[in-house]
Amino acid sequence: MPGRAAAGSTERLGGNDRYETAITVAQKVKSEGRAGSTVLLTTGLNFPDAVMAGGWPGDAVIVLTRTESLPTVSKNFINQSSVSTVYAIGGTSAIPDAQLDEIRRLGKTVQRLSGTNRYATAVAVSAASVNAKSVRDLWIASGTSFTDQLVAAAGARRTGGSFMIAAPSSALSAAQITEIDRIRSSNGLTVHVVDGQSVLGSVSVTGATKR
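We now turn to the structure provided with this report. Only a predicted model underlies this, so the values are computations on that prediction, with no experimental measurement involved. (Residues numbered from 1 in each chain as written. Predicted model: local features only at pLDDT ≥ 70, side-chain atom pairs only at ≥ 80, totals over all residues. Heavy atoms only, no water.)

Further remarks concern empty space enclosed by the protein. Over the atoms a probe the size of a water molecule is rolled, and this reveals where empty space is left. Under the counting rule described, the total for this entry stands at two cavities of 30 Å³ or more. Space inside the largest cavity adds up to approximately 80 Å³. For the largest cavity, the full set of lining residues is Met52, Gly55, Trp56, Pro57, Ala122, Val125, Ser126, Ser129, Val130, Gly161, Ser162 and Phe163. Of all the elements in the fold, those that place two or more residues in the lining of the largest cavity are helix 5 (118–129) and strand 6 (162–166). No other element matches the four residues that helix 5 contributes to the lining of the largest cavity. Here the residues of the lining of the largest cavity sort into seven nonpolar, five polar and no charged. Taken as a whole, the second largest cavity spans an internal volume of roughly 40 Å³. As for the second largest cavity, its lining consists of Lys30, Ala35, Gly36, Thr38, Val39, Val61, Phe77, Ser82 and Val83. A class-by-class count of the residues in the lining of the second largest cavity yields five nonpolar, three polar and one charged. (1 Å grid on protein atoms, 1.4 Å probe; cavity = no way out; pocket = protein on both sides within 12 Å on 5 of 7 lines; lining within 4 Å. Points joined across faces, edges and corners; volume = space filled by probe spheres on them. Helix = DSSP H or I, 4+ residues; strand = E, 2+ residues; numbered from the N terminus. Nonpolar A, V, L, I, M, F, W, Y, C, P; charged D, E, K, R; others polar.)

Our next topic: the sheet that holds strand 4 (residues 109–113). Ordered by their spatial adjacency, four strands build an open sheet running 2-1-3-4, and the pairing between neighbours is parallel. Pairing within the sheet leaves two strands with one partner each, and these edge strands are strand 2 (61–65) and strand 4. Across the sheet, the axes of successive neighbouring strands diverge by a mean angle of 25°, strand direction being ignored. Along the sheet, helix 5 makes contact with strand 3 (85–89) and strand 4, crossing strand 4 at roughly 140°. (Pairing = 2+ DSSP bridges. Axes fitted to C-alpha atoms, helices over the stretch in contact; angles between N-to-C directions. Contact = heavy atoms within 4.5 Å.)

Of the voids in this model, the largest pocket is the one considered here, and its volume is about 600 Å³. Looking at the largest pocket, it is lined by 23 residues, and the ones nearest its centre are Ala50, Val51, Gly54, Ile62 and Leu150. Tallying contributions element by element places helix 1 (residues 18–31) first for the lining of the largest pocket, with six residues. Of the residues in the lining of the largest pocket, the class split is 16 nonpolar, five polar and two charged. Lining the second largest pocket are 15 residues, with Asp49, Gly90, Gly91, Ser93 and Ala94 positioned closest to its centre. Of all the secondary-structure elements, those providing two or more residues to the lining of the second largest pocket are helix 2 (47–54) and helix 5.

Spelled out as structure tokens, the structure:
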């Protein structure tokens, strides 16, 4: 019948809270052979840093933490021998240095990716995760729209592109432009502006832009 989705199986992935749910998803990805040795640790108390992690290219998995302590379920997952590197996305107010020291004592390599604000953090994530001159698709969303960011991050991960956020009614920063120039493929760049609120009219990137 037209308009009906094909029948398929459905599986619910969840836990008692968001921290357990994140681990359930990570374990599912791991069981399917799609999880590498990298964990992206972000706060479970605010969305921007976690969304930044969602646009990370490759086979890293996302693990959530609380500001006051690293949840046991998260620590146990990180402590697995298959995990070698942990990127903490966000500043010390979101993930204190004490938590990173705790993870280092587990024998893991730890690096913090952060900036003075969410826009600078997005640049730091791109710089750490995307090879130079390798990107043909750049996805940009408003830094104030959670839903647009989710869509753009998923698009970046799906296409192997880069994900950034922009401030409404503001031009891209010098740091953002520098990072775009660094990752832009020599074969050209398609810029996907995901802007359901139509607040990114001032965003301008050299390339074929799609809204």
